[in-house]
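A look at the structure
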Amino acid sequence: MPSQGTIGDRVRGLRLNRRMSQAQLAGPDLSDSYVSLIESGKRTPTPVVARLLAERLGCTTEFLLHGIEPRQRIDTELGLRHAELELQHGDPATAADRFTEIVKAADEENAMLTAQARFGRARALEAQGRLGQAVEAFERLRREAAAHPERLADLPLTIALSRCYQQAGDRLRARDLAATALAQAERLRITQGELAVELAAALVEARGESETDSPALAYVKQVLDTAGVPQVVDRSAEIRALWHASAAAAAGEDSALAVALADDAIMAGRPTRLALVLAGAAMHWARMGVGPIEEAERLAGEAVSAFSVFPATAREYGESLIVHARVRLRAGDLVGAGELAVKASGLDHDGSGTTAAEAHLVLATVAFEQAGDASGQLRDAYELLDTLDRPVFGSDRQAARCWRELGDLYGRGESRALQTAAYRKALEAAGVRSAMAGVTIDATVSR
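Residues numbered from 1 in each chain as written. Predicted model: local features only at pLDDT ≥ 70, side-chain atom pairs only at ≥ 80, totals over all residues. Heavy atoms only, no water.

Our next topic: the overall build of the protein chain. The helix and strand tally for the protein chain stands at 22 helices and 0 strands. The 447 residues of the protein chain split such that 47% are buried. Sequence-distant contacts, at least 24 apart, represent 62% of the contacts inside the protein chain between residues at least 6 apart. Here the protein chain displays about 21,700 Å² of accessible surface, and carbon together with sulfur accounts for 51% of that area. (Helix = DSSP H or I, 4+ residues; strand = E, 2+ residues; numbered from the N terminus. Buried < 20%, exposed > 50% of the residue type's maximum accessible area, 1.4 Å probe, protein only. Contact = heavy atoms within 4.5 Å. Areas by Shrake-Rupley, 256 points an atom, 1.4 Å probe, with all protein chains shown as cover.)

Structural data, given as structure tokens:
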């Protein structure tokens, strides 16, 4: 059935829904005054202009001229939503396949939907850890965003690229991209919402180790102060029920209802998704050691609480426990630090992170402060670090820091040979190997 309103009403409604200005819609081909005349009903676009506007507004020419929503478009909209649900709450590999199917099936008049599907596929690749392919996809999309800003927004792509490069070990590129995104966000005064939260997380993760005061960290602090870390509520059952109902509606040929139910499922998961991103930013901020100790204590505690809700965030939960334990160490609370470290060491670990080793490093520090025996904790930390999986990309900064800390603690215990061995391991983890060619380490750890 044709939609209510005129062509001008539809142009204006779609433009405002996509948060575009009249000048952005006009682009290099039209004038913003001409767009204004169309929206006010004083001009009727020619078929050529209607096709151009429809492409930029992400709809079909038929819908723009007659208010008719083709079945293919609504099916594509539904496919995008189900792929998004698969990405957020299901299997990223399946999500990537579904996004790919949408890209292959989309026609020329659905250029915006195609772009959304390609962006979804890139995020699905990132979620699978296929960082090389994800970076390639995001970089290609970013180049296209420069040429077609009506289809793709540059800011989410830049943030995603910064995140991928950080995970891949290219911290300099990650920082450059995060700085570019920050400049754009500040120009647009974006300090709240999903983009602001994701940017804050990217900025704090890509910071320099000695960086304690910068515009980037000021932005992170502003976002954390404004949003905090909301309490995480497990709405998985609700999301699954809505998702299942959407699939049933789609099977019954009720596409409009299926889209509405899928939207409800996506929105039900949004608060938790943002809370977990904020928890990650809070954890990294607390780890930095800047600001009042009370603030670090609060943020670390909020991160622990957020990550403790889902089994899927068990690794982040363990990491946040260690960060909280280190905050307690800085505050002089040895008992509290030890309790948190023991809890972290008791979690199941997959052998790919440093959490278990760091727990023993914290416990060794507590033992030294209490004039106790730390040798067993140091030995366990050494063995755990020595069996870590090698990083696929570049160096392992976190492992390097742990080896360096272990070396410091061995020095504190006057174990010079083991101290030297740990420092060399730190250099290896940081990617410094050529200078040590032919050097043997005559230091063993025995029980």
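That covers the picture; the talk isn't over yet.
Tallying each qualifying case throughout the model produces 24 salt bridges. Where E238 meets R235, a salt bridge forms, and the shortest distance between an N and an O atom there is 2.9 Å. Three or more residues joined by partner-sharing salt bridges are found here, namely E77, R81 and D263. (Salt bridge = Lys/Arg side-chain N within 4 Å of Asp/Glu carboxyl O.)

Of the residues in the protein chain, 89% reach a pLDDT of 70 or more, and the chain-wide mean stands at 88. Per-residue pLDDT, averaged within each element of the protein chain, yields its smallest value for helix α5 (residues 61-66) (80) and its largest for helix α14 (residues 236-251) (96). Below pLDDT 50 for its whole length, residues 433-447 participates in 22 contacts with residues either more than four positions away or in separate chains. (pLDDT = per-residue confidence, 0-100.)

A few words on the side chain of T313. Its place among the elements puts T313 in the loop between α16 (293-307) and α17 (314-330). A relative accessible area of 10% means that T313 is categorised as buried. Sequence-distant contacts of T313, defined by excluding residues within four places in its chain, comprise L276 and F307.

Core analysis: the biggest nonpolar cluster contains 57 residues, and L199, L203, Y219, L224 and W285 have the highest contact counts within it. The element contributing the most residues to this core is helix α15 (residues 255-288), with 10 residues. Once residues lying within four places of it in the same chain are set aside, the contact partners of W285 are V204, L217, V220, K221, L224, V290, E295 and L299. A364, L385, L406 and Y410 belong to the second largest nonpolar core, which has 23 residues in total. (Core = buried A, V, L, I, M, F, W, Y, C linked by side-chain atoms within 4.5 Å.)

Next up on the list: unusual backbone geometry. Positive phi, normally seen in glycine, also occurs at R189, with a value near 60°. Mapping R189 onto the fold places it in the loop between α11 (171-188) and α12 (194-205). By relative accessible area, which is 75% here, R189 ends up exposed. Even without being glycine, E414 reaches a positive phi, approximately 60°. Inspection of the secondary structure puts E414 in the loop between α21 (397-412) and α22 (416-429).

All right, on to helix α6 (residues 71-89) then. Taking 1.5 Å of rise per residue, the 19 residues of α6 would be expected to cover 27 Å, and the 27 Å separating its terminal C-alpha atoms lies within 8% of that figure. All of the buried residues along α6 are R73, T76, E77, L78, L80, R81, H82, A83, E84, L85, E86 and L87. Looking at the buried positions of α6, the neighbouring elements they touch are α7 (92-105), α8 (111-127), α14 and α15. (Expected span 1.5 Å × (residues − 1).)

Here we come to the environment of K221. As for its placement among the helices and strands, K221 is situated in helix α13 (residues 215-227). Given the relative accessible area of 24%, K221 is considered partly exposed. In the structure, K221 is positioned 17 residues away from V204 in sequence and 9.5 Å away in space, judged by C-alpha atoms. Residue contacts for K221: discarding those within four places in its chain leaves W285 and E295.

Time to look at helix α10 (residues 154-168). Spacing of three or four residues puts side chains on the same side of an α-helix, whose turn is 3.6 residues. Here α10 spans 21 Å end to end across 15 residues, near enough to the 21 Å set by a 1.5 Å rise per residue. Burial runs high along α10: 11 of the 15 residues are buried. Of the residues making up α10, those classed as buried are L155, L157, T158, I159, A160, L161, S162, C164, Y165, Q166 and A168. Phi turns positive, to about 95°, at G169, one or two residues after α10.

So, on to the packing of α15 against α17. For any two helices packed against each other, one specifies the inter-axial angle together with the distance between the axes. For the pair α15 and α17, interaxial distance at closest approach is 9 Å and the crossing angle is 30°. Judged on the interaxial angle alone, α17 and α15 are roughly parallel. Judged by the twist between their axes, the crossing of α15 over α17 is left-handed. Of the residues in α17, those in contact with M283, H284, A286 and R287 of α15 are E316, E319, S320, V323, V327 and R330. Its residues assigned to classes, the contact of α15 with α17 comprises 4 nonpolar, 2 polar and 4 charged. (Axes fitted to C-alpha atoms, helices over the stretch in contact; angles between N-to-C directions. Parallel < 35°, antiparallel > 145°, perpendicular 65-115°, else oblique. Left-handed = near helix turned anticlockwise from the far one by under 90°. Nonpolar A, V, L, I, M, F, W, Y, C, P; charged D, E, K, R; others polar.)

Let us now look at the environment of R12. Looking at the element boundaries, R12 is found in helix α1 (residues 7-17). The spatial distance from the C-alpha of R12 to the C-alpha of Q22 is 8.8 Å, given a sequence separation of 10 residues.

With that settled, consider the side chain of E295. Along the chain, E295 falls in helix α16. Look at E295 and you get buried, because its relative accessible area is 12%.

Turning to its location among the elements, R51 is positioned in helix α4 (residues 47-57). C-alpha of R51 to C-alpha of L65: the two residues are 14 residues apart in sequence and 9.4 Å apart in space.

At a minimum axis separation of 8 Å, α15 and α16 run at an interaxial angle of 140°. In this structure, the crossing between α15 and α16 has a hand that is left-handed. Along its contact with α15, which presents L276, A279, G280, A282, M283, W285 and A286, the element α16 presents E295, A296, L299, A300, A303, A306 and F307.

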